[in-house]
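# Fold and contact review
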Amino acid sequence: MLWLLLIAVIVLVGAFYMWMNARAERDWDNPDAGSAMVEFGRAFPDEAIRALHSTADRTAIFLRLHDGKAGFIQSHGTHYVCHVIQPGKVRVNSSETGRGLIVHFPDFAYLDNDFEFQSAGEAAEVSLWLLGSFSPKSEFEQPAAESPHTAQATE
């Protein structure tokens, strides 16, 4: 009877081990965008995320941040590489498919890659974020005129 109980425990431990390995492999192949955002928040607590687009294979996520900057998260299994990209600090080209971007990070060359998105619209929007053309505040702010005479003098 004791041998039967010992065999049952060994089978249960083996089944648990196989179940956990399958779960780890599934997490490696399909990273979670939610946990990636949490990791980005840990790395950069002062950056507010306004929008995000994940690549088609879900290994990279591009973020639009609150002040015109862009964020980048790349999955390496259950670990994430997080960067804040200043506007205009990357080079972006369109891929041959039209749904992707070829991105060159001068400061982080190991991140250079061809990123494919679900649609051409997503790729275009991310390219605007990266190049700094999508700015939430206007760069052409008009100075406040004190009186009508000063406004005429400046024209």
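The paragraphs below set out a description of the structure included in this document. (Residues numbered from 1 in each chain as written. Predicted model: local features only at pLDDT ≥ 70, side-chain atom pairs only at ≥ 80, totals over all residues. Heavy atoms only, no water.)

## Some words on the sheet that holds strand 7 (residues 113-116)
Spatially, 3 strands are ordered 5-6-7 in an open sheet, and the strand pairing comes out antiparallel. Two strands in the sheet have a free side with no partner beyond their single neighbour: strand 5 (91-94) and strand 7. Neighbour-to-neighbour, the strand axes of this sheet turn through a mean angle of 25 degrees, independent of strand direction. Where strand 5 and strand 6 (residues 100-104) come together, 4 bridges link them in antiparallel fashion. In the strand pairing of strand 6, Val92 is matched with Val103. Relative to the sheet, helix 3 (residues 120-131) contacts strand 5 and strand 6, its axis offset from that of strand 6 by approximately 20 degrees. (Pairing = 2+ DSSP bridges. Helix = DSSP H or I, 4+ residues; strand = E, 2+ residues; numbered from the N terminus. Axes fitted to C-alpha atoms, helices over the stretch in contact; angles between N-to-C directions. Contact = heavy atoms within 4.5 Å.)

## Regarding the nonpolar core
Counting 18 residues, the largest nonpolar core has Phe62, Phe72, Phe105, Phe115 and Leu130 as its most contacted members. When contributions to this core are tallied by element, the ones reaching two or more residues are strand 2 (60-65), strand 3 (70-76), strand 4 (79-85), strand 6 and helix 3. The dominant element in this core, judged by the number of residues it contributes, is helix 3, at 4 residues. Excluding residues that lie within four positions of it along the chain, Phe72 makes contacts with Phe40, Ala60, Ile61, Phe62, Val81, Cys82, His83, Ile85, Phe105, Leu111 and Phe115. Membership of the second largest hydrophobic core comes to 9 residues, among which are Ala36, Phe40, Leu65 and Ile73. (Core = buried A, V, L, I, M, F, W, Y, C linked by side-chain atoms within 4.5 Å. Buried < 20%, exposed > 50% of the residue type's maximum accessible area, 1.4 Å probe, protein only.)

## Some thoughts on helix 3
Taking 1.5 Å of rise per residue, 12 residues should cover 16 Å, and helix 3 covers 16 Å from first to last C-alpha, within 8% of that figure. Taken residue by residue, helix 3 has Glu122, Ala123, Val126, Ser127, Trp129 and Leu130 as its buried positions. Angular distribution of buried residues about the axis of helix 3 spans 160 degrees; they occupy a single face of the element. Looking at the buried positions of helix 3, the neighbouring elements they touch are strand 1 (49-54), strand 2, strand 3, strand 4, strand 5 and strand 6. The positive-phi residue at the C-terminal boundary of helix 3 is Gly132, with phi of around 85 degrees. (Expected span 1.5 Å × (residues − 1). Arc of directions from axis to C-beta.)

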